[in-house]
Amino acid sequence: QVQLVESGGGLVQPGGSLRLSCAPSRSIFGIYAMGWYRQAPGKQRELVATITSGGSTNYADSVKGRFTISRDTAKNTVHLQMNSLKPEDTAVYYCNAVVYNGGYGNYWGQGTQVTVSS
């Protein structure tokens, strides 16, 4: 079973930066898009940013101008550079991969905690 493995979470002060990374445990064929979602306590999981195999990106309004998603297509890895972090960015961040092999499928990581606090 393929797994997505996230890294880079942690505790940071407001205004600080973190870089999240995600890589599959083994090669995945047919990845169409990869992205990051987050879930804060008591809230629903929400989209943070996505990037397609062609390089098109999409960001939640709340992170535009602060977060940057990038992808290494050859390695099927995705990164999220998070700058100017705010306490409201505190959440568990999940990596996602959408694949298409005749039909669509989804892979999710286990999540990595990001805490923004002084």
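Quick notes on the rules
- Residues numbered from 1 in each chain as written.
- Predicted model: local features only at pLDDT ≥ 70, side-chain atom pairs only at ≥ 80, totals over all residues.
- Heavy atoms only, no water.
- Phe/Tyr/Trp six-rings, centres within 6.5 Å; stacked < 30°, edge-to-face > 60°.
- Helix = DSSP H or I, 4+ residues; strand = E, 2+ residues; numbered from the N terminus.
- Buried < 20%, exposed > 50% of the residue type's maximum accessible area, 1.4 Å probe, protein only.
- Lys NZ or Arg CZ within 6 Å of the ring centre and 35° of its normal.
- Disulfide = S-S within 2.5 Å.
- Salt bridge = Lys/Arg side-chain N within 4 Å of Asp/Glu carboxyl O.
- Core = buried A, V, L, I, M, F, W, Y, C linked by side-chain atoms within 4.5 Å.
- Patch = residues over 30% accessible without salt bridge, like charges linked within 9 Å, V, L, I, M, F, W, Y side chains within 5 Å.
- Areas by Shrake-Rupley, 256 points an atom, 1.4 Å probe, with all protein chains shown as cover.

**Side note on the packing of aromatic side chains**
Taken as a whole, this structure holds 2 aromatic pairs when the rule is applied. Ring centres of Tyr37 and Trp108 lie 5.1 Å apart, and the angle between their planes is 65°; this geometry places the pair in the edge-to-face category. Placement of Tyr37 in strand β4 (residues 31-39) and of Trp108 in strand β10 (residues 104-108) is noted, with a sequence separation of 71 residues between them. Ring centres 4.7 Å apart and planes at 55° place the aromatic pair Tyr100 and Tyr104 in the tilted group. A relative accessible area of 43% means that Tyr100 is categorised as partly exposed. Directly above the ring of Tyr94 sits Arg45, whose terminal nitrogen or CZ lies 3.7 Å from the centroid. A cation over an aromatic ring shows up here: Arg45 above the ring of Trp108, its NZ or CZ 4.7 Å from the ring centre.

**Overview of the state of the cysteines**
Counted by the stated rule, this structure contains 1 disulfide. Note on cysteine connectivity: Cys22 is disulfide-linked to Cys95, with sulfurs 2.0 Å apart. Across the S-S bond of Cys22 and Cys95 the torsion is about -85°, and the bridge reads as left-handed. Residue Cys22 is found in strand β3 (residues 18-24), and its partner Cys95 is found in strand β9 (residues 91-100); the two are separated by 73 residues along the sequence. Judged by its relative accessible area of 2%, Cys22 falls in the buried class.

**Some remarks on the pattern of salt bridges**
As enumerated under the stated definition, the model contains 4 salt bridges in all. Lys64 is the salt-bridge partner of Asp61, the closest N and O atoms lying 3.1 Å from each other. Here the salt bridges do not stand alone but share partners, grouping Arg38, Glu46, Arg66 and Asp89 into one network.

**Some thoughts on the nonpolar core**
Counting residues in each nonpolar core, the largest one holds 30 residues, and the members touching the most others are Trp36, Leu80, Met82 and Tyr93. At the level of elements, β3, β4, β5 (46-52), β7 (67-72), β8 (77-82), β9 and β11 (112-116) are the ones that each hand at least two residues to this core. If you tally residues by element for this core, the top one is β9, at 5 residues.

**Notes on a nonpolar patch on the surface**
Together, Tyr32, Tyr100 and Tyr104 make up an exposed nonpolar region whose accessible area comes to about 390 Å². Assignment of secondary structure puts Tyr32 in strand β4.

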